[in-house]
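Fold and geometry: a report
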Amino acid sequence: MRTLFKGGSVASGRGVRRADLLVEGEKVSALGRGLKAEADRIIDVGGCVLFPGFIDAHTHFDLEVAGTVTADGFASGSRAALRGGTTTVIDFACPDKGESLASGLGRWREKAGGKTFCDYGFHMTIDDWSGSVRQELPEMFAQGISSFKMYMTYPAMLLGDGDLYRALKELTALGGICGVHCENAGVIDALIAEKKAAGELSPASHPRTRPPYLEAEAVARLLRIAQAAGAPVVIVHLTNGEALGEVLRARKRGQTVYVETCPQYLALDESLYFQENFSDAARYVCAPPLREKREQDILWRALRRGDIQTVSTDHCAFTLEQKAMGREDFTRIPGGLPGVEARGELMWSLGVARRRISVAQMCRVLSENPARLYGLFPRKGTLQPGADADIVVYDPSGGHILRAEDCESAAGYTPYEGFATDGGIRQVWLRGRLAAESGNVLLSTPEGKYMARGKCAL
Ligand code: MN
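Quick look at the structure, then. Quick caveat, the model's predicted, so the values are computed rather than measured. (Residues numbered from 1 in each chain as written. Predicted model: local features only at pLDDT ≥ 70, side-chain atom pairs only at ≥ 80, totals over all residues. Heavy atoms only, no water.)

Quick notes on the overall build of the protein chain
Secondary structure summary: the protein chain contains 14 helices and 21 strands in total. Compactness check: the protein chain gives a C-alpha radius of gyration of 21 Å against a globular reference of 23 Å for 458 residues, within 12% of the reference. If you line up the protein chain on its principal axes, its C-alpha atoms span 70 × 50 × 45 Å. Here the protein chain holds 458 residues, and the buried ones make up 59% of them. Contacts in the protein chain between residues at least 24 apart in sequence constitute 74% of all its contacts with a sequence separation of at least 6. Of the roughly 16900 Å² of accessible surface on the protein chain, 48% is carried by carbon and sulfur atoms. Here the protein chain contributes 55 positively and 56 negatively charged side chains, and the mean placements of these two sets differ by 7 Å. (Helix = DSSP H or I, 4+ residues; strand = E, 2+ residues; numbered from the N terminus. Rg over C-alpha atoms; globule rule 2.2 N^0.38 Å. Buried < 20%, exposed > 50% of the residue type's maximum accessible area, 1.4 Å probe, protein only. Contact = heavy atoms within 4.5 Å. Areas by Shrake-Rupley, 256 points an atom, 1.4 Å probe, with all protein chains shown as cover. Lys, Arg positive; Asp, Glu negative; His and termini not counted. Charge placed at Lys NZ, Arg CZ, Asp CG, Glu CD.)

Concerning the coordination of the manganese ion
The protein atoms that coordinate the manganese ion are His58 (NE2), His60 (NE2) and Asp314 (OD), at distances spanning 2.1 to 2.3 Å. Mapping the donors of the manganese ion onto the primary sequence yields the spacing H-x1-H-x253-D. With a gap of 256 residues between them, histidine 58 in strand 8 (residues 54-59) and aspartate 314 in the loop between strand 17 (310-311) and helix 12 (320-323) connect regions that are remote in the sequence. Histidine 58 sits in the buried class, given a relative accessible area of 0%. Judged by its relative accessible area of 10%, aspartate 314 is buried. (Donors = N, O, S within 2.8 Å, 3.2 Å for Na, K, Ca; no water.)

Considering the sheet that holds strand 15 (residues 233-235)
Taken together, the eight strands give an open sheet; going across it, the order is 8-11-12-13-14-15-16-17, and neighbouring strands pair in parallel fashion. Every other strand in the sheet has two partners, leaving strand 8 and strand 17 as the edge strands with one partner each. Inspection of the sheet shows strand 14 (residues 177-181) paired to strand 15 by three bridges, in the parallel sense. Paired with valine 180 across the strands is isoleucine 235, a residue of strand 15. (Pairing = 2+ DSSP bridges.)

Some thoughts on helix 11 (residues 294-305)
Here helix 11 is twelve residues long and its end C-alpha atoms lie 17 Å apart, about the 16 Å a rise of 1.5 Å per residue gives. Those residues of helix 11 that fall on the buried side of the exposure criterion are Glu295, Gln296, Leu299, Trp300, Ala302 and Leu303. Buried residues of helix 11, seen end-on, are gathered within an arc of 160 degrees and therefore sit on one face of the element. Every exposed residue of helix 11 that faces more than 90 degrees away from the buried side is listed here: Arg294 and Arg305. Those residues of helix 11 that are buried lie in contact with helix 8 (241-252), strand 16 (257-261), helix 9 (263-267), strand 17, helix 13 (343-352) and helix 14 (359-373). Backbone geometry just downstream of helix 11 places glycine 306 in the positive-phi region, at approximately 85 degrees. (Expected span 1.5 Å × (residues − 1). Arc of directions from axis to C-beta.)

Thoughts on the side chain of glutamine 361
Along the chain, the position of glutamine 361 falls in helix 14. On the basis of relative accessible area, glutamine 361 is assigned to the buried category, the value being 13%. Sequence-distant contacts of glutamine 361, that is, excluding residues within four places in its chain, are made with Leu303 and Arg304.

Things to note about the pattern of salt bridges
With the rule as written, the count across this model stands at 31 salt bridges. Note that arginine 107 and glutamate 99 form a salt bridge whose closest N and O atoms lie 2.7 Å from each other. A relative accessible area of 30% means that arginine 107 is categorised as partly exposed. Between lysine 380 and aspartate 119 there is a salt bridge, with its nearest N and O atoms 2.7 Å apart. Taken together, the residues lysine 380 in the loop between helix 14 and strand 18 (391-395) and aspartate 119 in strand 12 (residues 119-125) connect sequence positions 261 residues apart. You'll find lysine 380 and aspartate 119 in the same group, each marked buried. Each of Glu26, Lys27, Asp119, Arg379, Lys380, Asp388, Asp390, Arg431 and Lys449 takes part in salt bridges that share partners, so that together they form one network. (Salt bridge = Lys/Arg side-chain N within 4 Å of Asp/Glu carboxyl O.)

Regarding the nonpolar core
Counting residues in each nonpolar core, the largest one holds 111 residues, and the members touching the most others are Phe51, Phe122, Phe148, Leu168, Ile235 and Met347. With nine residues, helix 7 (residues 212-229) is the single largest residue contributor to this core. Other than its neighbours up to four places away in sequence, methionine 347 contacts Leu266, Trp300, Leu303, Val311, Val352, Ile357, Met362, Val365 and Leu366. Grouped together as the second largest cluster of nonpolar side chains are 16 residues, Phe5, Val10, Ala389 and Val393 included. (Core = buried A, V, L, I, M, F, W, Y, C linked by side-chain atoms within 4.5 Å.)

What about the pairing of strand 18?
Among the five residues that make up strand 18, five are buried, leaving the element largely enclosed by the rest of the structure. Residues Ile391, Val393 and Asp395 point to one face of strand 18 and Val392 and Tyr394 to the other, with burial holding for every one of them. For strand 7 (residues 49-52) and strand 18, the ladder comprises four bridges, and the chain directions are antiparallel. If you follow phenylalanine 51 over to strand 18, its bridge partner there is valine 392. When strand 18 meets strand 19 (residues 424-430), the two strands line up antiparallel, connected through five bridges.

Side note on the packing of aromatic side chains
Evaluation of the coordinates by the stated rule reveals eleven aromatic pairs. Aromatic pair phenylalanine 141 and phenylalanine 148: ring centres 5.6 Å apart, planes at 45 degrees, arrangement tilted. On the basis of relative accessible area, phenylalanine 141 is assigned to the buried category, the value being 17%. The exposure class assigned to phenylalanine 148 is buried, which follows from its relative accessible area of 2%. Through pairs of rings, three or more aromatic residues link up here, namely Phe61, Phe74, Tyr120, Phe122 and Tyr450. The cationic tip of arginine 79 hangs over the ring face of phenylalanine 117; the distance from NZ or CZ to the ring centre is 4.9 Å. The aromatic ring of phenylalanine 377 is capped on one face by arginine 372, whose charged end is 3.9 Å from the ring centroid. (Phe/Tyr/Trp six-rings, centres within 6.5 Å; stacked < 30°, edge-to-face > 60°. Lys NZ or Arg CZ within 6 Å of the ring centre and 35° of its normal.)

Structure follows, in structure tokens:
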């Protein structure tokens, strides 16, 4: 099957240009102006921008948290992804404490296998550093896992400074890259204990116990540990200017630091936690929390300057019923927001349409950079000949209202309810097949492929 996309513009990380695009089978086969190829079908994409399928390098599907399981498993989560233009997700395999990495990865391969509608890979979570974990690392690379995740917060998952250092050093020697959740653990726990003792148990206490400077402290400490280890690192879900300042200082010393932020930190702010109604506030609980509105401009400027390399969602969906587990105690609200469905249209509407970032910058942070950073380039993240024909057809004209009732996510709500988009995603193609159109997922069988990934090339 040969499909010709005619009359549109094609985005890359370098710019956007008028070009036709020819797809043969699962691959892009040609790109150029006025392509005269014989095609079985012609798709008129006049006025539209074609992006390489978006990559969401931070999702949590089918994850047990706080005595419950995320509302989205790999089926609904990946359908939501496709609806939002995301053709590849990189989820997190999370072995239990003491479980081998191989066993944890096996469980995640099973959770996703035969259920996932988009392509997918896994980062490996390391919440325990030991000789046996170390010995398992080469096998992880052999199975296509080139990126890892460590926590500086959450008592059940965090690594101490010494283990962070040892793990970063070892992973770097093997050619791996590690993303780290940076928030100070001890002080946050002490602040939470104070709030509990004072009986201040509403969601309003959530941001007050996780202030931005305790994220910045952890970023600064991580970057010094990474300096000692000679390791490049990824700061995941960075939320604020002080934390970003620590990154810029480390880069000035010559360190390699990649930064991810998320749409919720660009679009929403902490005033949502101060709403009277429990459910209205609880639905936004995530860590790090939403920040003051002024941080949004700082993050947008950093995206524009290239100081932030990727925008992922940290999609971790719970229903409002699940969020109600914390009605009497904000620390029992399962943390996380659904977002995989809205990211592309939010970035266009808040970013490109408002001239905060260019089309090329949007392409970099949603497609090209995550592909390079996580070893998927040039199979993913570009529309050059030879790449997978994962294509988002974005129509800048018109717009629509984001509504939970239209979503594939099982969360039952969207943090962006009522948001008016600028334009919208008209079509999403996964390896040459039309996967979603006008907000409807068309695929009826889960044919997402596991992506064995290579090493970081950003
Ligand atoms: Mn996460």
